[in-house]
Amino acid sequence: MKRIILLFTFFTLSVSAFATHNRAGEITYRQLSALQYEFTLTTFTDVSNAGNADRPTATLKFGDGTEEERPRIERTLVGPFIQRNRYKFTHTFPGFSNYTISYQDPNRNNNVQNMLNSINTAFYVETELVINPFIGFNNSPTLLLEPIDFGGLNKLFVHNPNAFDVDGDSLSFKLVSCKQDVGLDVFGFKIPDVANGFASVKFEIDPRTGQLVWENPIRLGLYNIAIMVEEWRYIEKNKTYLRIGYIVRDMQIEIVLTDNNPPVITPIKDTCIIAGSSLTINVLANDMDNDRVTLSATGGPFELSGNDTILFTQNSVGTGNITQSFYWKSSCLSVRKQPYQIVFKAVDNGSPKLVDLEDWQIRIVAPAPQNLLSTRLGNGINLNWDRISCDNAIGYKIYRKENSNPFTPSTCETGLSSQKGYELIETLNDINTLTFRDDNNGQGLFIGKDYCYRIFAFFADGAESIVSNETCNRLSRDLPSITKVSIETTSNTVGTDTVIFSKPTELDTVQYPGPYEFRWMRTSSTNASAQLLKTSTGNFLGDVSDTVLYDANLNTENEQYTYVIEMYSAGSLIGNSRPASSIFLESVSAENRNIQLSWRVNTPWENDSFIVYRLNDANLFDSVGMSFTNSFSDTGLVDGREYCYYILAVGEYPVGGFINPLINLSQRYCVTPVDTRKPEPPFLTVTPSCQLYLNELSWLPSTVNSGDVVRYNVYKSEFEGSDFTIIHTTSLQNDTTFIDANLLKSIAGCYFITSIDSFNNESERSNIVCVDNCPVLNLPNTFTPNGDNINDLFSPMPDSIDFVDKVQITIYNRYGKLVFQTSDPMIKWNGKENNTGNDLPTGTYFYTIEYSEIRLRGLKAKAKTGYIELLR
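Just so it is clear, the model here is predicted, and its values are computed rather than measured.

Enquirer: I'd like a rundown of the overall build of the protein, residues and numbers included.
Expert: Looking only at helices and strands, one finds 1 helix and 64 strands in the protein. In terms of C-alpha radius of gyration, the protein reaches 47 Å, well past the compact-globule figure of 29 Å for 872 residues. For the protein, the proportion of its 872 residues judged to be buried stands at 49%. If you take every contact in the protein between residues at least 6 apart in sequence, the share linking residues at least 24 apart comes to 66%. Surface exposure of the protein reaches about 41000 Å², of which carbon and sulfur atoms provide 50%. For the protein, the separation between the mean place of its 72 positive charges and that of its 98 negative charges on side chains is 5 Å.

Below is the structure:
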């Protein structure tokens, strides 16, 4: 009886010592230096029972093998019997890595409905810290609404942690299991959703806003859930988001029986504000029970410091309804890629107090760069604009489009989507750079095309301003324009190009007076240094009549040539034409009755089409097709036959005043397609003969793709699994047999055959056929060593030993004395004793023989015993 009382007393003391209190909590942090962080552990405990254990200190594990105990710095009652506890820790980590910061404490409070035995279950929360020098400084999100909440049975329940990230990182939210230790869920944990019998409609969290909706609770009691808030940083270089850590909030919800109905906040539409401007809205909450309603707000904007002005009267009270205005005068310092979240909270004074939350997302966007202008000059267009008013921007992105798209961006539309048709042509990483010249990376723009531009500013976190106004321009004809680069002669030594240019028609001759000089410059695919070929001069533009060049003695067969016309006014360079190259024809592939042609060309005009010419049997070039790209596939050819081609390009400038169409020719190019298709392998059979010491091979050619087979290769491996080598090649297509003869030691082996066609393509292996030996070792049982040369030796009879190796025989007399031994496979015992050479007497002798059979898989050890009669 005493033992029972003692055990009961111990149990009571144990529960009293550890039965607490923990209802909710989380760990947050801020970075102090490269490897030093300050952590804040916040817990919420049940103080309704004086016996509940208090925690004046707490121990935090840092995930690097160390931990620290620190005193509590805050102890505040935030509700009936609900105490908030805060502890701060400072820790320096050993290096860059991922760390899991954790806190564990026994125990949770009693009677949590969606886990087993909560009072004896440890409370555990964790935060992942990623220390990475490539992502910069990072602070965890802070959760601005507390993790203790109340709901009514069969009443809509909402909660939002109201997470704010001071660094502007993106946040996502998801439900995870409550834990009792690292990697260990609490026993019997269930999400209080419809499937688990706790909700009538749904229980879910919005992954973007963190808004938790329980519609509607159908069971009374305490519930704990865990919300993981993941932090994502935008990496501009990769245009992707990288997860840089998370915090886990373990929170508690109490569902009670009540006739009270929660207040309702009128929904507020998400919006944006242009930095520097202001926004005012009215927030309205109503209570159908005519209870007194208190309206408050939390969120990132209230945490900002700087030039922003936010006006909102917290904890305004009204009976039945309450209206309160919210005002935000924004600044550039608040511009960021992610929206700000404000959560308006309406609380009634019923029993219990019920809540409605309204999540509102607001983006602060940077204004557009102003007064973007374009000016044409030479073979490019110059842009200039006003500096953006936001000093925290880090640069500009410049976009170009052919022809206008005169859209007006909306207030909340930032950057420039690909659907608008613009192409990024430059990124400037300095907001004080306010000019840019677009000359197509030195290649020059096309004459006659309308080029339209827009720009926007961008920020360190990936935020983009509203896009600028559009400005459009086109090049004037104030420089020479090449109109022809055509190969007249194909040769590797005496090739010829014809080059023609058109003089400028819109040159300001007052600004650029004569005399004028045009210099013909050439580079090649093997020589990038410009070579002066010729000059044309005149006091007036009308005096310049030499606009044609016949460029001779070139290697037009193997090289591509590019030409530029430089223009000088009174000895000073005005500018140059856009480069124009010859058409260089080549083949990507030439095989299996197909030639895939491609050609390279760079011209200031647009080539609309390309006509492909091929030399025919009458030795004349004839058109075989047309392409609107820089490639053409010629099919149905004969492998092994040479085909010769050239390309005729048809093009034009997109503006009038030029000869039209522009016709230019490539070099002549010859290529021979080859057959690279493997023939099909034959089917092999092998007939072995141990008696004749040979293997007879025969094979049947495949009926598929075998018409071009000219010979066969025979491969063999001596043992199964060893390498194959060629042992024979036939000389004729119809030679389909082979005898592998004189295999006195072993006929074992594996064979396969391959087919070879006229292009020396070898087929895959045929079927592999393996054959094995027929080992035999038979010894006589008597011999007569009397010197008459008849049966004088104890040896295997002819044809009685085959495919045997490594023989070891020992012979004993009837007293067990060793009289003879040898490793000679033929034995050859003459009846004499090994050691003395004396004749042994007539009688019965016994032997043991160990030997190896030569098999396909290698040598196989064998042994046998027997007797031999020696007669004299």
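Enquirer: Mind laying out unusual backbone geometry, listing which residues take part and the relevant values?
Expert: The amide bond that connects Glu 215 to the next residue, Asn 216, takes the cis arrangement and shows omega of -10°. With respect to the helices and strands, Asn 216 occurs in strand β16 (residues 212–217). The omega angle of the peptide bond from Gly 514 to Pro 515 is 5°, so this bond is cis rather than trans. Relative to the assigned elements, Pro 515 resides in the loop between β36 (495–502) and β37 (516–524). A positive phi angle is found at Asn 117, which is not glycine, with a value near 55°.

Enquirer: Give a description of the side chain of Asp 348 that names residues and reports values.
Expert: The residue Asp 348 is located in strand β26 (residues 340–348) in this model. A distance of 3.2 Å separates a polar side-chain atom of Asp 348 from the backbone nitrogen of Gly 350.

Enquirer: Quick rundown of the state of the cysteines? Include the residues and the values.
Expert: Under the criterion given, the structure shown has 6 disulfides. Between the sulfur atoms of Cys 272 and its disulfide mate Cys 412 the distance is 2.0 Å. What sets the handedness of the Cys 272 and Cys 412 disulfide is the S-S torsion sign, and at about -105° it is left-handed. Pair noted here: Cys 272 is in strand β20 (residues 271–274) and Cys 412 is in the loop between β30 (395–402) and β31 (423–428), with a separation of 140 residues, a long-range link. We classify Cys 272 as buried; its relative accessible area is 8%. We classify Cys 412 as partly exposed; its relative accessible area is 34%. Put simply, Cys 332 and Cys 390 are joined by a disulfide, and their sulfur atoms are 2.0 Å apart. For the disulfide bridge between Cys 332 and Cys 390, the dihedral angle about the S-S bond is near -65°, and by the sign convention the bridge is left-handed. Of this pair, Cys 332 sits in the loop between β25 (321–329) and β26 while Cys 390 sits in the loop between β29 (380–384) and β30, and the two are 58 residues apart along the sequence. The residues Cys 332 and Cys 390 share a single accessibility class, namely buried. Taken in sequence order, the bonded cysteines of the protein link in the pattern 1-4, 2-3, 5-6, 7-8, 9-12, 10-11.

Enquirer: Describe the sheet that holds strand β61 (residues 804–812), and please don't skip the residues or the numbers.
Expert: Neighbouring strands of a sheet are bound in pairs by backbone hydrogen bonds; such pairs are parallel or else antiparallel. Pairing is mixed across the open sheet formed by 5 strands, whose spatial order is β59-β64-β63-β61-β62. Every other strand in the sheet has two partners, leaving β59 (782–783) and β62 (818–822) as the edge strands with one partner each. As judged from the 7 bridges shared by β61 and strand β63 (residues 843–855), these two strands associate in the antiparallel manner. Bridge pairing in β63 links Gln 808 to Glu 850.

Enquirer: Describe the confidence of the model for the protein, naming the residues involved and giving the relevant values.
Expert: For the protein, per-residue confidence averages 92 on the pLDDT scale, and 97% of positions sit at 70 or higher. Element-level mean pLDDT values for the protein span from 30 in helix α1 (residues 2–18) up to 98 in strand β49 (residues 662–665). Low pLDDT (under 50) marks residues 1–19, which in the prediction has 8 contacts with non-local residues, meaning those over four places away or in another chain.

Enquirer: Explain the pattern of salt bridges to me, and be specific about the residues and the numbers.
Expert: A side chain of one charge can pair with a side chain of the opposite charge when the charged atoms of the two come close. Tallied over the entire structure, the rule returns 39 salt bridges. Between Glu 26 and Arg 249 there is a salt bridge whose closest N-O contact spans 2.8 Å. Linking Glu 26 in strand β1 (residues 22–31) with Arg 249 in strand β18 (residues 240–256), this pair joins segments that are 223 residues apart in sequence. Take Glu 26: its relative accessible area is 5%, and that puts it in the buried class. Measuring nitrogen to oxygen at the nearest pair gives 3.4 Å for the salt bridge that ties Lys 202 to Glu 204. The class for Lys 202 is partly exposed, based on a relative accessible area of 29%. A single network of salt bridges, built from pairs that share partners, joins Glu 74, Arg 84, Arg 86 and Glu 146.

Enquirer: Tell me about the nonpolar core, residues and numbers included.
Expert: Grouped together as the largest cluster of nonpolar side chains are 69 residues, with contacts concentrated most on Phe 344, Trp 360, Trp 385 and Ile 482. Beyond its immediate chain neighbours, meaning those up to four positions away, Ile 482 contacts Val 499, Ile 500, Phe 501, Tyr 563, Val 564, Ile 565, Ser 577, Arg 578, Ala 580, Pro 604, Trp 605 and Tyr 653.

Conventions and cut-offs
Residues numbered from 1 in each chain as written. Predicted model: local features only at pLDDT ≥ 70, side-chain atom pairs only at ≥ 80, totals over all residues. Heavy atoms only, no water. Helix = DSSP H or I, 4+ residues; strand = E, 2+ residues; numbered from the N terminus. Rg over C-alpha atoms; globule rule 2.2 N^0.38 Å. Buried < 20%, exposed > 50% of the residue type's maximum accessible area, 1.4 Å probe, protein only. Contact = heavy atoms within 4.5 Å. Areas by Shrake-Rupley, 256 points an atom, 1.4 Å probe, with all protein chains shown as cover. Lys, Arg positive; Asp, Glu negative; His and termini not counted. Charge placed at Lys NZ, Arg CZ, Asp CG, Glu CD. Polar contact = N/O pair within 3.5 Å; in protein donor to acceptor, adjacent residues only side chain to side chain. Disulfide = S-S within 2.5 Å. Pairing = 2+ DSSP bridges. pLDDT = per-residue confidence, 0-100. Salt bridge = Lys/Arg side-chain N within 4 Å of Asp/Glu carboxyl O. Core = buried A, V, L, I, M, F, W, Y, C linked by side-chain atoms within 4.5 Å.

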